[in-house]
Amino acid sequence: MSLTPLPTLLAQSAEGPVATRDLENDSLWMPNPASTVAGDIDWMFNAIYWLSLFFFVLIVGVMGWFVVKYRRRSPDEKAASAITHNTPLEITWTVIPLLLSIAIFYVGLEGYVRLREVPANAYQVNVEGYKWAWNFEHRNGATSTGWVRVPAGRPVQFTMTSTDVIHSFYIPAFRVKKDVVPGRYTTLWFQADEPGLYQAFCAEYCGSAHSQMTAVIEVLPPEEFDRQIADDAAWLDKVDEDDASAMALAGQRLYARCQSCHSVDGSRLAGPSYWETHDLLVEGGEREMADGSRVTVDINYIRSSILDPGEHIVATYANAMPSFQGQLDEKAIRAIHIFLEELDTLYDRDGNRLAE
Amino acid sequence: MTTLHPTSLAGSTTNYLTHSRGVLSWVFTLDHKRIGIMYLISILGSFLLGGIFALLVRTELLLPGEQFLTQDQYNKAFTLHGAIMVFLVIVPSIPAALGNFVLPIMLGAKDVAFPRLNLGSYYLWVIGAVMAVMAMLNGGVDTGWTFYAPYSTEEMREGVIWVALAVFILGFSSVFTGMNFIVTIHRLRPPGMTWFRMPLFLWSLYATAIIQVLATPVLGITVLLLIVERVMRIGIFDPALGGDPVLFQHFFWFYSHPAVYIMILPSMGIISELISIHSRKHIFGYKFIAFSSVAIAIFSFLVWGHHMFTSGQSALMNAVFSAITFSVAIPSAVKVFNWLATLYKGSIALNTPMLYSLSYLFIFAIGGLTGLFLGTLSTDVHLHDTYFVVAHFHYVMMGSALLAFIAGIHHWWPKMTGRMYNETLGRIGCLIVFVGFNLTFFPQFILGSKGMPRRYHDYTGPGWSEELTSLFHILHALSTIGSYLMAAGFFLTAYYLIHSLFKGERAPANPWGGRSLEWQCSSPPPHDNFAKAPTVGDCYDFTPLEYVPEEKGYRWREDVPRPGSG
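### Describing the overall build of chain B
A tally of helices and strands in chain B yields 15 helices and two strands. Radius of gyration (C-alpha) of chain B: 24 Å, near the 24 Å computed for a compact globule of 566 residues. Judged by the C-alpha coordinates and their principal axes, chain B covers about 75 × 50 × 45 Å. If you take every contact in chain B between residues at least 6 apart in sequence, the share linking residues at least 24 apart comes to 81%. On chain B, roughly 17900 Å² of surface is accessible, and the fraction owed to carbon and sulfur atoms is 70%. Across chain B, the centroid of the 32 positively charged side chains sits 13 Å from that of the 29 negatively charged ones.

Listed below in structure tokens is the structure:
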């Protein structure tokens, strides 16, 4: 069979910066209100904003006025008043903030309850956070990393967990955020009506590549979504194992899971650059490990590094990689192996993708 | 009762600085004033160190992409910045340095209740500080100052054990200081110094001390549990061992939220003093301010859950914590309105301590009001863990707590050193710091509300929105430029303060016209604070004081009888 054209394939991972719709229709303060709850939340934000601005102008205005009017002109100038207190006045400025606070609390609570109540028949996606990427798994078996496709105009629920430390899934344009905690599930839902790309971040500090633990939310029109997600579920099965270049491209697609720690431009991230591994694979070299041993870099080394990363820790690196046992099957591992071998046909040494 | 004329003390006897000489006379001193000065120097040294790491962080963020710090170096730099600024600078700044120096004199006592414990607190602080800084420099700690589990309990993070132990020791220093202050205020008030004659700075230190004594042990227990889990692999927080990571957050914030008020309450006390004295006008609503300090201390224990609105805790808990959080807004607002009312029809001197106090009003207003966005559930979900939070707590903890500390240093500098600093440079320094501060942190509000998460080494890369990168770049650049400006302001301040030690004019006993008791003794004060028992009156009634041009200071008017003398 022929391979899906490259651009479509790579639409499942982000190789570089992406053009998103986060700043369309934005205000001075808020990004694009792109989910169904965003309008409510922005209304609340604006209400507090104008109230705060009023009090800020009042406080600083009165202060400035008094400072100018009552500034000391000679060292011996005395205060023009000996007033020490005024109980009715003080009760007034205790009660007014109290009433305003109660009002803000109540409206904020209402908005929050709407944020928590998941509508029935939401489209379900399982999300797994790990240092430092997001995996998405749809009910039809389609998986992706760092990029998730969701239908427009329909509630979407993420059921999330972490395999290592606490992360937090955050989509600014949708105004949703929820911590992703190891050992338990947390959930988050949204409904986006406008198709397009939106940014998601990890918001809870999780170590070295925290700032690269991003994801792209691709909101697709319903029919296109159905078609695309069916294809996503079956793409690896359709790759011809005898076609090395097709396998290399499949490996490149899977590389989305690796890119936050392994570079293809030679730079040192949390793990060794794939160029180092490529050179050792092609030239048949050995790699020095943290415990002083030397290990031949071949397909078995690649396989054990993916399934049991703690087995071989490369010298000067920390034991930071999670196991991909159960996530990557044997065919996927072979594809990554071929991708590493063929790296020089896909990228130059600076990480630029080579034209076909 | 007869009283000494303030000026008759000046130059007549030795003061606390010349009372005894030699390094050992400082190392083993039991004098609260010398201990206060030692704290002050140590804390300012820590401030320099924490500030350098802040500048490294800001410089890395000036442009998108990696500049000169790798991801891991950056993570260690912001951890160092946060941990040093919180545990070594802001928490001890006002109570341990200024409080130690001023509290017994303001109260009319010769020293704190337990002078040896006081010296012990200082050395505990030194041991904790050295341990923390060594652990963080040697190999480094990259957990952030919050040490969230299970990240902090992962095996490769050896340094965490040492920093946790250091925090444990620093906690004891804080508890001992708090206990000392509570006992001093209860037991060592001289005749006439009733609770409601105490300066408001003492009320705020008292409220702070209660929080220190009650909340800090929880931090000690939490870090001990962290160490137990690390060393003995007993599952407390790490789910891999059967623990609960969210439990760590509860424990941590049960201390660390009250700790926010350990930082902010003393600053409110300083501002209450300064605004009244430098306006020569009676503080407005004394009792409301005093009780609002105590109210804040009580509420501070009941709001920790607002740090965890997105942690997955139940909606009911979130609702309760949100409601109680708003209750803290009331006493804070009451104080601001009272300060404004104090300015009304005052005689407002625009000297350096007052300019810092007015800056405080401006900055605290923003810091407090932006707290409303974070206490409100629906908006907090969006803003939590973004730069909006970073900006908010810097407005409160740095722009308010730390600038009040600087204001207090300027206010009591003549008393502590016996020298006046260059007033013109002081005003210029304050202006630069004020502008630099707002330029650094205001853009961070917009960064955060537009979605920039905190603790990010970079804001570009694969999977990053191009639009967001270019917007964040502009705002980060503004912020970094602001931080350089602020640093310049602080260096100028350090210059003229150090210069004044050698070349400054001799300070009069009472350069500002203050009526609290420290202004009744000479500048610097004698070893025993008061040659004779001071007279206690209404410390906010400035009418009996007159300006004496030849002294460049204020003294008691001859035609007004002193309280207690009639």
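There is more to say, and it comes next.
### Considering the interface of chain A and chain B
Listed per partner, the contact involves 91 residues of chain A and 107 residues of chain B. Buried area between chain A and chain B, summed over both chains or domains, comes out near 8500 Å², and the portion from carbon and sulfur atoms is 66%. The salt bridge partner of A:D26 is B:K450, with a shortest N-O separation of 2.6 Å. On the surface where chain A and chain B come into contact, there are 41 residue pairs in polar contact (both at pLDDT 80 or more).

### Some details on the sheet that holds strand β2 (residues 133–138) of chain A
All names here are of chain A. Across the sheet, which stays open at both edges, the five strands sit in the order β3-β2-β1-β5-β8 with mixed pairing between neighbours. Either end of the sheet is taken by a strand with one partner, and the two such strands are β3 (143–145) and β8 (186–190). In this sheet, adjacent strand axes meet at a mean angle of 25° when their direction is disregarded. Here strand β1 (residues 123–130) runs beside strand β5 (residues 156–162); their pairing, made up of seven bridges, is parallel. The residue bridging Q124 from the neighbouring strand is Q157, located in β5.

### What to know about the nonpolar core
A:F158, A:F169, A:F174, A:I217, B:F87, B:W339 and B:L343 are the most contacted members of the largest nonpolar core, which has 258 residues in total. Those residues in contact with B:W339 that sit more than four places away from it in its chain are B:M268, B:I271, B:S272, B:I275, B:I283, B:I289, B:Y360 and B:L361. In this structure, A:Y301, A:Y317, A:F324 and A:L346 belong to the second largest nonpolar core, which totals 38 residues.

### Things to note about the environment of B:Q71
Locating B:Q71 in the fold gives a position in helix α4 (residues 71–107). Sequence spacing of B:Q71 and B:Y456 is 385 residues, and the spatial spacing of their C-alpha atoms is 8.8 Å.

### Section: helix α7 (residues 299–307) of chain A
All names here are of chain A. Residues Y301, I302, S304, S305, I306 and L307 constitute the buried set of α7. Turning to α7, the residues buried within the fold contact α6 (274–283), β11 (286–288), β12 (294–296) and α8 (330–341). A distance of 3.1 Å separates the backbone nitrogen of N300 from a side-chain oxygen at the start of α7, and that oxygen is part of D298.

### Remarks on the packing of aromatic side chains
One pass over the structure, following the stated rule, counts 73 aromatic pairs over all chains. Directly above the aromatic system of B:W26 lies the positively charged group of B:R34, at a separation of 4.3 Å from the ring centroid.

### Comments concerning a nonpolar patch on the surface
Residues and elements named next belong to chain A. Taken together, the side chains of I91, V95, L98, L99 and I102 make up a nonpolar region of the molecular surface, amounting to roughly 430 Å² of accessible area. Relative to the assigned elements, L99 resides in helix α3 (residues 87–116). Look at L99 and you get exposed, because its relative accessible area is 52%.

### A few points about unusual backbone geometry
Residue and element names in this part refer to chain B. Of note, the amide linkage connecting A149 to P150 takes the cis form, showing an omega dihedral of 0°. If you trace the backbone, P150 turns up in the loop between α5 (115–137) and α6 (159–187). Between S523 and the following residue, P524, the backbone shows a cis peptide bond with an omega angle of -10°. Note on placement: P524 falls in the loop between α15 (466–503) and β1 (545–548). Its identity is not glycine, yet D385 carries a phi of approximately 60°, on the positive side. Here D385 lies in the loop between α12 (377–383) and α13 (387–417). Its identity is not glycine, yet N529 carries a phi of approximately 75°, on the positive side. Within the fold, N529 resides in the loop between α15 and β1. Taking the relative accessible area as the measure of exposure, N529 reaches 0% and is therefore buried.

### Things to note about the packing of helix α8 (residues 245–279) of chain B against helix α9 (residues 286–299) of chain B
All names here are of chain B. Close contact between α8 and α9 brings their axes to 11 Å; oriented N to C, the two are set at 175°. By the angle between their axes, α8 is roughly antiparallel relative to α9. Taken together, the residues of α9 that come into contact with α8 (itself represented by Y261, L265, M268 and S272) are I289, S293, I296 and A297. Residue classes in the contact of α8 with α9 are distributed as six nonpolar, two polar and no charged.

### Thoughts on helix α14 (residues 423–449) of chain B
Residue and element names in this part refer to chain B. Spanning 27 residues, α14 covers 39 Å between terminal C-alpha atoms, matching the ideal 39 Å at 1.5 Å per step. Structurally, the start of α14 carries an N-cap: the backbone nitrogen of T424 is 3.0 Å from a side-chain oxygen of N422. The first or second residue beyond α14 is G451, which carries a positive phi of 120°.

### Some thoughts on the side chain of A:R287
Within the fold, A:R287 resides in strand β11. Here A:R287 is in contact with A:P272, A:E276, A:T277, A:L280, A:S293, A:R294, A:V295, A:V297, A:Y301 and A:V314, once residues within four sequence places are set aside.

### Considerations on the sheet that holds strand β4 (residues 147–151) of chain A
Residue and element names in this part refer to chain A. Pairing in this open sheet of five strands is mixed, and the strands run β4-β10-β9-β6-β7 from one edge to the other. Each of the sheet's edge strands pairs with one partner strand only, and the pair in question is β4 and β7 (176–180). The sheet shows a mean angle of 25° between the axes of neighbouring strands, taken without regard to direction. Taken together, the five bridges between β4 and strand β10 (residues 215–220) define a ladder with parallel strand orientation. Bridging across to β10, P151 finds its partner in L220.

### Observations regarding the pairing of strand β6 (residues 167–171) of chain A
Residue and element names in this part refer to chain A. Counting buried positions along β6 yields five of five residues, so the element is predominantly enclosed. Burial of β6 is two-sided: the residues H167, F169 and I171 facing one way and the residues S168 and Y170 facing the other way are all buried. Across five bridges, β6 lies against β7 in antiparallel orientation. Counterpart to S168 in the pairing with β7 is D179. Connecting β6 to the antiparallel partner β7 that follows it, the hairpin turn spans four residues, and R175 within it adopts a positive phi of roughly 60°. As judged from the two bridges shared by β6 and strand β9 (residues 196–202), these two strands associate in the antiparallel manner. For Y170, the partnering residue across the bridge sits in β9 and is F201.

### Quick notes on the packing of helix α3 (residues 32–60) of chain B against α5(B)
Helices that pack against each other are described as a pair by the angle of their axes relative to one another and the distance between those axes. Residue and element names in this part refer to chain B. It is the contact of α3 with α5, at a shortest axis distance of 10 Å, that shows an interaxial angle of 15°. When the axes of α3 and α5 are compared, the pair comes out roughly parallel. Note on packing geometry: the crossing formed by α3 with α5 is left-handed. Note on element contacts: α5 touches α3 through P115, N118, L119, S121, Y122, W125, V133 and L137, opposite H32, I35, M38, Y39, S42, I43, S46, L49 and F53.

Calculation rules
Residues numbered from 1 in each chain as written. Chains lettered and ligands numbered in written order. Predicted model: local features only at pLDDT ≥ 70, side-chain atom pairs only at ≥ 80, totals over all residues. Heavy atoms only, no water. Helix = DSSP H or I, 4+ residues; strand = E, 2+ residues; numbered from the N terminus. Rg over C-alpha atoms; globule rule 2.2 N^0.38 Å. Contact = heavy atoms within 4.5 Å. Areas by Shrake-Rupley, 256 points an atom, 1.4 Å probe, with all protein chains shown as cover. Lys, Arg positive; Asp, Glu negative; His and termini not counted. Charge placed at Lys NZ, Arg CZ, Asp CG, Glu CD. Buried area = accessible area lost by both parts, 1.4 Å probe. Salt bridge = Lys/Arg side-chain N within 4 Å of Asp/Glu carboxyl O. Polar contact = N/O pair within 3.5 Å; in protein donor to acceptor, adjacent residues only side chain to side chain. Pairing = 2+ DSSP bridges. Axes fitted to C-alpha atoms, helices over the stretch in contact; angles between N-to-C directions. Core = buried A, V, L, I, M, F, W, Y, C linked by side-chain atoms within 4.5 Å. Buried < 20%, exposed > 50% of the residue type's maximum accessible area, 1.4 Å probe, protein only. Phe/Tyr/Trp six-rings, centres within 6.5 Å; stacked < 30°, edge-to-face > 60°. Lys NZ or Arg CZ within 6 Å of the ring centre and 35° of its normal. Patch = residues over 30% accessible without salt bridge, like charges linked within 9 Å, V, L, I, M, F, W, Y side chains within 5 Å. Parallel < 35°, antiparallel > 145°, perpendicular 65-115°, else oblique. Nonpolar A, V, L, I, M, F, W, Y, C, P; charged D, E, K, R; others polar. Expected span 1.5 Å × (residues − 1). Left-handed = near helix turned anticlockwise from the far one by under 90°.

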